[in-house]
Amino acid sequence: MEKRQELYAGKAKSVYTTDDPDLLVLQFRDDTSAFDGKKKEALARKGMVNNVFNAYIMERLQDAGIPTHFEKRLSDTESLVKKMAMIPVECVVRNIAAGGLVKRLGVEEGRELSPPTFELFLKNDEKGDPMINESLAETFGWATPAQLGRMKELTFKVNHLLKQLFAEGGLMLVDYKLEFGLFKGEVVLGDEFSPDGCRLWDAKTREKLDKDRFRQGLGGVIEAYEEVGRRIGVIFPS
Ligand code: C5P
C-alpha cells in the first residue's frame, strides 16, 4: 500500500489517498481546536496518543460486531481506513449531563441521564454544527430514515460496550460523538473515538480527563488522555 496525495485536511487529522481506491490513510496531527476552531494549539504527542487510542477502541468495537472503517494502524500517527461517503450528521449520546446540554437546557452538570439521550447535529463548521432532527435530515437529504435508524442502533451499541470498558478502568463515559459513512451501501462507523470527541470523568473524583481540559484551560491535556488509555489497557509507544 502506497500513501499518495493529501485529499483533505481537517482540524486535527489529514486524509491521504492510497494506490487502493477503497482505502485512505488518516494522519492524526498534534493540532487541537475547540469552539469551532476559535481556540487552537498544537499539543505535543497528541497525534500519536489519539491514533493509538483510536486503533485500540476501533478494534474492540469491530471485535464486538460494530462495522468500522478501521483497517489497521500503520505508524505512531497514521492508520489505514476504508474510503467511505461520509454522512454529514453527528450522533451524540449522553449518559451524564455536561457541555452543550447543560448550556442549552440549564440542567445541572453531573446529573445522570436515564435513559441516555440521543442527539443529531449537522456537520457544518460554518454554521457551528447546528442541532437537527430526523425530519430535517430526511428532507434535506443528509441521511435516509433507514440510515438514521442504523446510526442510532450502532451508537447505542457503542454506548453499551464502551461504558463497560471505561467503567473497568474506573472511568465514567459522560458523552461522545460518532460519525458514520457508507461503504458499499452499508452504514459504517467512521472518524475516530478518542478523548477529543468524548467526555470521560474519573468515577470517584469526577476529575475531567478529556478535551474539556483543553477547552477550559485546565492543563495536563495529553497526560490525561494517556492516563485514560493506560487505565483501559492501551499501550502507547515510548
Ligand atoms: O458540546 P457538546 O456537549 O454538545 O458535545 C457532546 C460530546 O460530543 C462531547 O463529548 C464532545 O467532545 C463531542 N463533540 C465532538 N465534536 C463536535 C461536537 C461535539 O467531538 N463537533
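Up top you'll find the structure we're talking about.
What comes next concerns the included structure. Keep in mind the model is a prediction, meaning the values are calculated, not measured.

## Let's talk about the state of the cysteines
Within this structure, the stated rule accounts for 0 disulfides. Not engaged in a disulfide, the cysteine Cys-91 finds its nearest cysteine sulfur in Cys-198; these two sulfurs lie 15 Å apart. Judged by relative accessible area, Cys-198 falls into the buried class, the value being 4%.

## Some points on the site of the ligand
Near the ligand lie 14 residues; those nearest to it are Arg-94, Gly-100, Asp-175, Arg-199 and Arg-215. Arg-94 is positioned with one of its side-chain polar atoms (N or O) 2.7 Å from an oxygen atom of the ligand. Within the side chain of Asp-175, a nitrogen or oxygen atom sits 2.6 Å from an oxygen atom of the ligand. Considering the ligand on its own, with 450 Å² of exposed area, one finds that the protein chains cover 79% of that surface.

## Here we look at the packing of helix H1 (residues 46–63) against helix H4 (residues 145–168)
Remark: H1 packs on H4, axes separated minimally by 11 Å, with the N-to-C direction vectors making an angle of 120 degrees. Put simply, H1 runs oblique to H4. As H1 packs across H4, the resulting crossing turns out to be right-handed. Together, Phe-53, Ile-57, Arg-60 and Leu-61 of H1 and Val-158, Leu-161, Leu-162, Leu-165 and Phe-166 of H4 make up the contact between the two elements. For the contact of H1 with H4, the per-class residue count stands at 8 nonpolar, no polar and 1 charged.

Criteria and cut-off values
- Residues numbered from 1 in each chain as written.
- Predicted model: local features only at pLDDT ≥ 70, side-chain atom pairs only at ≥ 80, totals over all residues.
- Heavy atoms only, no water.
- Disulfide = S-S within 2.5 Å.
- Buried < 20%, exposed > 50% of the residue type's maximum accessible area, 1.4 Å probe, protein only.
- Near = heavy atom within 4 Å.
- Polar contact = N/O pair within 3.5 Å; in protein donor to acceptor, adjacent residues only side chain to side chain.
- Areas by Shrake-Rupley, 256 points an atom, 1.4 Å probe, with all protein chains shown as cover.
- Axes fitted to C-alpha atoms, helices over the stretch in contact; angles between N-to-C directions.
- Helix = DSSP H or I, 4+ residues; strand = E, 2+ residues; numbered from the N terminus.
- Parallel < 35°, antiparallel > 145°, perpendicular 65-115°, else oblique.
- Left-handed = near helix turned anticlockwise from the far one by under 90°.
- Contact = heavy atoms within 4.5 Å.
- Nonpolar A, V, L, I, M, F, W, Y, C, P; charged D, E, K, R; others polar.

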